[in-house]
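Survey of secondary and tertiary structure
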Amino acid sequence: MNETNSVLYQRESSYIPRIAAVHDLCGYGKCSLGIAIPVLSAAGCDVCPVPTSLFSAHTKFPTFYMHDTTNMLEDYLDAWQEEGIDLDAIYSGFLGAAEQVASIQRLYQEHPKALRIVDPVMGDGGKMYPTYTQELCDAMKSLVNGADILTPNLTEASILTGIPYAGQNLTDEQVNELLDALLEMGAKCVVLKGIVRNDNLIRNFVATESERGEIVSELLPYMLHGTGDLFASALLAAVMCGQEIADAVEFAGEFVCESMEITREQPNFELRGVSFETKLGLITQLLQE
């Protein structure tokens, strides 16, 4: 496959970019805004949260409380509009209801020059997350068209395209089928995550209309909640520091791997979420490159 590399954001000296982070907020078990805010802040970005729901803990816990924030989002964004807030990027992830897609599209309309980063958080392992509905998944499809960066895992790519989920051990032909379908839906750059074959590597594929590339990182023998959020946030952090897209994907994969290794040393590590705090210096170093 050809290698793809392009710069999506040119940063000006000491300027601090402003990013709307449209994600849920989770009290325990690091994910979503609990990841996006510190990771992007370490990259010298002003992170402006738009909370799509509030959780007591992430959905891998047997008991959790969820509060849907849909009813407050219109007034929330009205206040932003009245203040004349400007945005350099709009980064969306987990949504609490299908109606929230309209809030993201509103941000797109009000900030047409902002980068659009869509992490279509809907499921994993061939299944939707427990709070998701088919209506919400269908609504999520409308965010693909115009996305500057789309970062689905294989389950989410299947939901978005309607191509049946075939596990993680995909051939290049199957990968290309998914990439082709997502590009045809209007995504400008697709980062397809989590292809695992019969080796100790995890593969992420990057595709635009003109170029494609495969980027590998180490596959660890355990899974953690929040690694998808961390990958997308680290990827965006690198992009906002001026890195080319393929380099940003490689950085994100390595950052997640190193954070997972730290997490394994923590008590109750399989539930608590990915521990990245001691690795944030790697994000800050991107500003010096």
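Residues numbered from 1 in each chain as written. Predicted model: local features only at pLDDT ≥ 70, side-chain atom pairs only at ≥ 80, totals over all residues. Heavy atoms only, no water.

Attention shifts here to the UniProt feature "domain: Pyridoxamine kinase/Phosphomethylpyrimidine kinase" (unreviewed entry) in the protein. In the numbering used here, UniProt assigns the feature "domain: Pyridoxamine kinase/Phosphomethylpyrimidine kinase" (unreviewed entry) to residues 40-261. In residues 40-261, the share of helix is 39% and the share of strand is 23%. The end C-alpha atoms are 21 Å apart. (UniProt positions renumbered as here; feature names shortened; annotations may be inferred. Helix = DSSP H or I, 4+ residues; strand = E, 2+ residues; numbered from the N terminus.)

Now for the pattern of salt bridges. One pass over the full model with this rule turns up 12 salt bridges. Notably, a salt bridge pairs Glu 277 with Lys 30, separated by 3.5 Å at the nearest N-O pair. You can see Glu 277 sitting in the loop between helix 9 (269-272) and helix 10 (280-285) and its partner Lys 30 sitting in the loop between strand 1 (18-28) and helix 1 (33-42), a full 247 residues away along the chain. Overall, the relative accessible area of 42% leaves Glu 277 in the partly exposed class. One salt bridge in this structure joins Lys 193 and Asp 119, with 3.6 Å as the shortest N-O distance. Here Lys 193 is found in strand 9 (residues 190-196), whereas its partner Asp 119 is found in the loop between strand 5 (115-118) and strand 6 (123-124), with 74 residues between them in sequence. Residues joined by salt bridges that share partners form a network here, namely Asp 78, Arg 106 and Glu 110. (Salt bridge = Lys/Arg side-chain N within 4 Å of Asp/Glu carboxyl O. Buried < 20%, exposed > 50% of the residue type's maximum accessible area, 1.4 Å probe, protein only.)

Each pair of packed helices can be summarised by the angle the axes make with each other and by the distance between the axes. At a minimum axis distance of 9 Å, the contact between helix 2 (residues 70-83) and helix 3 (residues 100-110) shows a crossing angle of 10°. Classified by the interaxial angle, the pair formed by helix 2 and helix 3 is roughly parallel. Like other packed secondary-structure pairs, helix 2 and helix 3 cross with a definite hand, here right-handed. Taken together, the residues of helix 3 that come into contact with helix 2 (itself represented by Thr 70, Leu 73, Glu 74, Leu 77, Asp 78, Trp 80 and Gln 81) are Gln 100, Ser 103, Arg 106, Leu 107 and Glu 110. (Axes fitted to C-alpha atoms, helices over the stretch in contact; angles between N-to-C directions. Parallel < 35°, antiparallel > 145°, perpendicular 65-115°, else oblique. Left-handed = near helix turned anticlockwise from the far one by under 90°. Contact = heavy atoms within 4.5 Å.)

Before going further, it helps to spend a moment on the side chain of Thr 227. If you trace the backbone, Thr 227 turns up in helix 7 (residues 227-240). Polar contacts involving the side chain of Thr 227 include one to the main-chain carbonyl oxygen of Leu 224, which spans 3.3 Å. (Polar contact = N/O pair within 3.5 Å; in protein donor to acceptor, adjacent residues only side chain to side chain.)

What follows deals with the packing of aromatic side chains. Inspection of the entire model under this criterion finds 7 aromatic pairs. Ring geometry for Tyr 76 and Trp 80: centres 5.6 Å apart, planes at 45°, overall tilted. Remark: Trp 80 and Tyr 76 occur in helix 2; sequence separation between them is 4 residues, near one turn of the helix. With a relative accessible area of 26%, Tyr 76 lands in the partly exposed category. On the numbers, 5.7 Å between centres and 85° between planes, the contact of Tyr 222 with Phe 269 is edge-to-face. Residue Tyr 222 is found in the loop between strand 11 (212-218) and helix 7, and its partner Phe 269 is found in helix 9; the two are separated by 47 residues along the sequence. Take Tyr 222 and Phe 269: they sit in the same class, and that class is buried. By way of ring pairs, the aromatic residues Phe 55, Phe 64, Phe 94 and Tyr 132 are connected into one cluster. Positioned above the aromatic ring of Tyr 108 is the side chain of Arg 116, whose terminal nitrogen or guanidinium carbon lies 4.1 Å from the ring centre. (Phe/Tyr/Trp six-rings, centres within 6.5 Å; stacked < 30°, edge-to-face > 60°. Lys NZ or Arg CZ within 6 Å of the ring centre and 35° of its normal.)

Over its 13 residues, helix 6 (residues 172-184) extends 18 Å from the first C-alpha to the last, a length consistent with the 18 Å expected when each residue adds 1.5 Å. Of the positions making up helix 6, those classed as buried are Val 175, Leu 178, Leu 179, Ala 181, Leu 182 and Leu 183. On its buried face, helix 6 sits against strand 8 (149-150), helix 5 (154-161), strand 9, strand 10 (201-207) and strand 11. Once helix 6 ends, the next one or two residues include Gly 186, with phi positive near 115°. (Expected span 1.5 Å × (residues − 1).)

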